[in-house]
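Residue-level listing of the chains:
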Amino acid sequence: MNHPELDMESVEARLHELRADLQAQSEASQESRDTVMLDQTSVGRLSRMDALQGQAMAKAEEERRQLALRRISAAFERIERGEYGECIECGEWIGAKRLDWDPLVLKCIDCAD
């Protein structure tokens, strides 16, 4: 049984919305993660370094997005199994307000410490 205090339709809608937002952000940032191509005769050393740093930051952000997408998929799996809202450590219900704040949270406040 999923968390008894939550409207699971609302939770699922929010998870779908989060996933769509992350996928849109991923598509929008594809160009900034592509290989840096610079004409070394017209671009200075610092500009090249800035471009490479920007690319590295964009790749790190994409890794965070992909992790969040995996966590969303795992949340949908927990919903299907009827385990959404259960702490993965102690098995107690995670506070409804905590899940409302972050629907991807896996642990109750006591186990999260």
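(A) Seen up close, helix α1 (residues 8–28). The end-to-end C-alpha distance of α1, which contains 21 residues, comes to 30 Å, matching closely the 30 Å that a straight helix rising 1.5 Å per residue would cover. Burial in α1 covers these residues: Met8, Val11, Leu15, Leu22 and Ser26. Looking straight down α1, one finds its buried side chains confined to an arc of 55 degrees; they lie on one side. The outward face of α1, more than 90 degrees from its buried face, is lined by the exposed residues Glu9, Glu17, Glu27 and Ala28.

(B) Structural view of the pattern of salt bridges. Summed over all chains, the structure comprises 5 salt bridges. Of the charged contacts in the structure, one is a salt bridge between glutamate 61 and arginine 64, with a shortest N-O distance of 2.8 Å. Residue glutamate 61 and its partner arginine 64 are both found in helix α3 (residues 45–81); the two are separated by 3 residues, about one turn of the helix. For glutamate 61, a relative accessible area of 32% gives the class partly exposed. Judged by relative accessible area, which is 48%, arginine 64 ranks as partly exposed.

(C) Structural view of the nonpolar core. In this structure, Leu6, Val11, Leu15, Ile79 and Tyr84 are the most contacted members of the largest nonpolar core, which totals 19 residues. The greatest single-element share of this core, amounting to 6 residues, is contributed by α3. Not counting the four nearest positions on each side in its chain, valine 11 is found in contact with Leu6, Ile79 and Tyr84.

(D) Representation of the side chain of arginine 65 within the structure. Within the fold, arginine 65 resides in helix α3. By relative accessible area, which is 6% here, arginine 65 ends up buried. A polar contact of 2.7 Å, which involves the side chain of arginine 65, links it to the side chain of serine 29.

Parameters and conventions
- Residues numbered from 1 in each chain as written.
- Predicted model: local features only at pLDDT ≥ 70, side-chain atom pairs only at ≥ 80, totals over all residues.
- Heavy atoms only, no water.
- Helix = DSSP H or I, 4+ residues; strand = E, 2+ residues; numbered from the N terminus.
- Expected span 1.5 Å × (residues − 1).
- Buried < 20%, exposed > 50% of the residue type's maximum accessible area, 1.4 Å probe, protein only.
- Arc of directions from axis to C-beta.
- Salt bridge = Lys/Arg side-chain N within 4 Å of Asp/Glu carboxyl O.
- Core = buried A, V, L, I, M, F, W, Y, C linked by side-chain atoms within 4.5 Å.
- Contact = heavy atoms within 4.5 Å.
- Polar contact = N/O pair within 3.5 Å; in protein donor to acceptor, adjacent residues only side chain to side chain.

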